[in-house]
Each structure stands twice: as structure tokens, then as C-alpha cells.
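Close look at the chain arrangement
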Amino acid sequence: MNSIYPFFKWVNDTWLSKVINDSTWVFPAIEGVHITALALLFGSILLMNLRLMGIVMPDRPLQKLSRELDAWIFCSLVIILITGALLFVSEAIRSFHSGPFRIKMIFLIAAVLFHYTISRRLVRGQEQQVPPVVRKAAGAVSIVLWMTVGFAGRAIGFF
């Protein structure tokens with residue numbers, strides 16, 4: 001990990017880091033947008049996965065619900081990535097030493113990959129062709145991945 005420390009140090013010393021850290025309102029504003037987008041993303045992911053698991057809206061076609069939520073998921077994810085990068089810029093050295101930050105990044109990558117590969121294939125395919133146990137397991141895994149991202153993100157402030 002020490003081989004990437006110079007990158008974190010460089011990011012921490014950028015003009016953007018100084019602008020964010022020298023302001024009393026920029027960091028909280030970025031964090032507020034980040035958390036709002038996270039709530040929107042998790043709500044959309046939760047709804048889609050609960051439907052995939054057959055827990056909510058069983059009469060609603062899964063493919064249609066997925067198409068309706070795609071834009072919300074994508075846009076909120078983009079906002080989260082942009083605001084998350086700005087939050088990282090303002091605390092790069094602290095992030096380097098943060099265990100929860102590392103956990104969050106690992107689970108964020110895993111959650112995004114899982115969503116855009118396995119989950120997407122399951123919700124876009126013919127629902128009847130996928131065994132219920134596979135749908136339920138995939139929905140549960142997705143929910144756990146995203147919840148871990150959220151909990152690890154929350155823990156960054158404490159460690």
C-alpha cells in the first residue's frame with residue numbers, strides 16, 4: 001500500500017483539496033448531495049432487488065420495473081462517484097489510513113460490477129427461466145453489497 005501513498009499525497013495537495021478544505025460550506029454541501037444520491041440509489045436498488053426476490057410487487061413485470069429504475073440508478077451512481085471523488089480529494093491522506101475507506105472502495109467496486117453484470121442479466125432475462133433460489137440469492141447479495149458500502153462509508157467518519 002505504501003507504493004500508492006505518493007498519489008494520495010499529491011491529491012491531498014491539489015488546489016481543489018485546498019478550496020474544499022478552506023471553505024466552511026463546500027464539504028458539507030458535497031456530502032449532503034452525496035448522501036442524498038446514496039439514498040436514491042439504495043432505494044432504487046432495494047426496490048428492484050426486493051422485486052427480483054419476489055417480495056414486493058409480484059404482479060409488476062421485472063423487466064419493466066428495471067427499465068424504469070435504470071435512469072435513477074445510473075444518475076444517482078454518477079452523482080455519488082463525482083461527489084465521492086470530491087470528498088476523497090478533500091481527505092486523501094486521511095482516506096489512505098482509513099480501513100473503512102478501503103472496505104468501502106472494495107465493496108463499491110463489487111456492488112457496481114454485480115449490479116451491471118449478474119443483476120442486470122437476471123432482471124433483463126425471462127424471469128420464469130431463472131430458478132427462484134437464484135433470484136433470491138442474487139437479490140440478497142446485491143442488497144448486502146450496497147448496505148456494506150453504506151455502512152463502511154458511514155464508518156469513515158469514526159475511524
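Overview of the structure. Model, not experiment: these values are computed from the prediction.

The subject of this paragraph is the environment of Lys104. With respect to the helices and strands, Lys104 occurs in helix 6 (residues 99-124). Spatially, the C-alpha atom of Lys104 lies 16 Å from that of Ala39, the residues being 65 residues apart in sequence. Every residue in contact with Lys104, bar those within four places of it in the chain, is listed here: His34, Val149, Ala152, Gly153 and Ile156.

Taken as a whole and assessed by the stated rule, the structure comprises five salt bridges. With a shortest N-O distance of 1.9 Å, Arg124 and Asp70 are connected by a salt bridge. Of the two residues, Arg124 is situated in helix 6 and Asp70 in helix 4 (residues 62-90); the sequence distance between them amounts to 54 residues. On the accessibility criterion, Asp70 (16% relative accessible area) is buried. Within the structure, one salt-bridge network assembled from shared partners comprises Asp70, Arg120 and Arg124.

A word on the packing of aromatic side chains. For the coordinates displayed, the defined rule picks out six aromatic pairs. Pairing Phe7 with Phe8 gives two aromatic rings, centres 6.0 Å apart and planes at 90°, and the pair type is edge-to-face. Residues Phe88 and Phe101 carry aromatic rings whose centres are separated by 5.7 Å and whose planes lie at 15° to one another, so their mutual orientation is stacked. Placement of Phe88 in helix 4 and of Phe101 in helix 6 is noted, with a sequence separation of 13 residues between them.

Conventions adopted
- Residues numbered from 1 in each chain as written.
- Predicted model: local features only at pLDDT ≥ 70, side-chain atom pairs only at ≥ 80, totals over all residues.
- Heavy atoms only, no water.
- Helix = DSSP H or I, 4+ residues; strand = E, 2+ residues; numbered from the N terminus.
- Contact = heavy atoms within 4.5 Å.
- Salt bridge = Lys/Arg side-chain N within 4 Å of Asp/Glu carboxyl O.
- Buried < 20%, exposed > 50% of the residue type's maximum accessible area, 1.4 Å probe, protein only.
- Phe/Tyr/Trp six-rings, centres within 6.5 Å; stacked < 30°, edge-to-face > 60°.

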